[in-house]
Amino acid sequence: MEAILSDPAGAVIGLDFDGTLSPIVPDPAKAVIHPKAPEVLADLGAHVLAVAIVTGRPAATALELGPGLADVPGLVVLGHYGFERWEGGRISAPPPPPGVPRAEAELPLLLDSLGLREVAIEDKGRAVAVHTRRSPDPEGALEKLREPLAELAAKHDLVLEPGRMVLELRPPGMDKGHALSLFLAERAARSVMFVGDDLGDLAAFDAVRDSGLPGVTVCSGSTEVTALAERADIVVDGPEGVVALLAELASAFTRT
């Protein structure tokens, strides 16, 4: 934190979206960013080297669910764990992998065979997610799905990414840690903060640790995931706590 405060122009602030900037909700399509987050990020963006949102969602979806984000100075959105990039109003990405639509086509029959009719399938373009939060037994449904979805992922050359009441099938070769590491090198960052809430953010925590830069990891705490809090330098109370911490950081930049 001292390095970030003393040299904000060299700092990269990296953030997850769901559970970090946006509260977790039963229907992912109805998620919405914390109302104060865009303004706070804009304040940060005026001082730091870069603000980067690193999310499993498509970049365009994060921007749609986060009105005002596109106005954050210098914002970069690394969507689909870094396979996709939004910057300056433009999205760049490689072609979507063929395994994702093939796996998605098999999901309804698989879920029906397991008797899991109240779980939700989310088409994320370059990935497909199965959410159990609206199931009568979310934890039980998640456990029941782990092995069959791992087999389906392997069949279509995908990897299985666990999360908060969700299992996601996505292409291999990229994760939040790799995406963050590449971005830090690209920007020649001199310090880094990463804020996350879920298991997929552990790779980004590792990237902070392995970067060789002064770095701080922040967990948006919840009762659903404890592994991240155990690894974090700072734990705050959900998106409300994240926004409060970032607002304090932006205020400190203004005072110095």
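One can find the structure itself at the top, above this paragraph.
In this text the structure is predicted, and so the values were computed from the model without any measurement.

Colleague: Can you walk me through the sheet that holds strand 9 (residues 166-170) in this structure?
Modeller: Note: strands within a sheet are paired through backbone hydrogen bonds, in either parallel or antiparallel orientation. With antiparallel pairing, four strands are arranged side by side in an open sheet as 6-7-9-8. A single partner strand is all that each edge strand has here, and the edge strands are strand 6 (120-123) and strand 8 (159-163). Neighbour-to-neighbour, the strand axes of this sheet turn through a mean angle of 20 degrees, independent of strand direction. In the sheet, strand 8 pairs with strand 9 via five bridges, with the strands oriented antiparallel. The residue bridging L160 from the neighbouring strand is L169, located in strand 9. Along the sheet, helix 5 (residues 138-155) makes contact with strand 7 (128-131), strand 8 and strand 9, crossing strand 9 at roughly 5 degrees.

Colleague: What should I look at first to understand the environment of A42 in this one?
Modeller: The residue A42 is located in helix 2 (residues 37-45) in this model. Separated by 12 residues in the primary sequence, A42 and K30 place their C-alpha atoms 23 Å from one another. With near-sequence residues (within four places) excluded, A42 lies in contact with V72 and P73.

Colleague: Can you walk me through the sheet that holds strand 12 (residues 234-236) in this structure?
Modeller: A sheet is described by the order of its strands in space; here eight strands give the open sequence 5-4-3-2-1-10-11-12, paired in mixed fashion. Looking at the sheet topology across the chains shown, the edges are occupied by strand 5 (90-92) and strand 12. Shown here is a sheet whose adjacent strand axes are inclined to one another by a mean of 20 degrees, direction ignored. Two strands pair when backbone bridges link them, and strand 4 (residues 84-87) and strand 5 are joined in this way by three bridges, in the antiparallel orientation. For W86, the partnering residue across the bridge sits in strand 5 and is I91.

Reading the values: the criteria
Sequence order as written defines the numbering, with residues in each chain counted from 1. Two thresholds apply to this predicted model, a pLDDT of at least 70 for residue-level local features and 80 or more for giving and counting side-chain atom pairs, whereas whole-chain, interface and lining totals are computed over all residues. Calculated side-chain values reflect all of the structure's heavy atoms, with hydrogen atoms and water omitted. Should DSSP find at least two bridges between two strands, the strands are taken to pair. Helix numbering and strand numbering both begin at the N terminus, where a helix is a DSSP run of H or I of at least 4 residues and a strand a DSSP run of E of at least 2. Working convention: axes come from line fits to C-alpha atoms, limited for helices to the stretch in contact. Angles between N-to-C directions cover 0 to 180 degrees. Any two residues having at least one pair of non-hydrogen atoms within 4.5 Å are treated as being in contact.

Interpretation note: all reported values are geometric properties and have no functional meaning in isolation.
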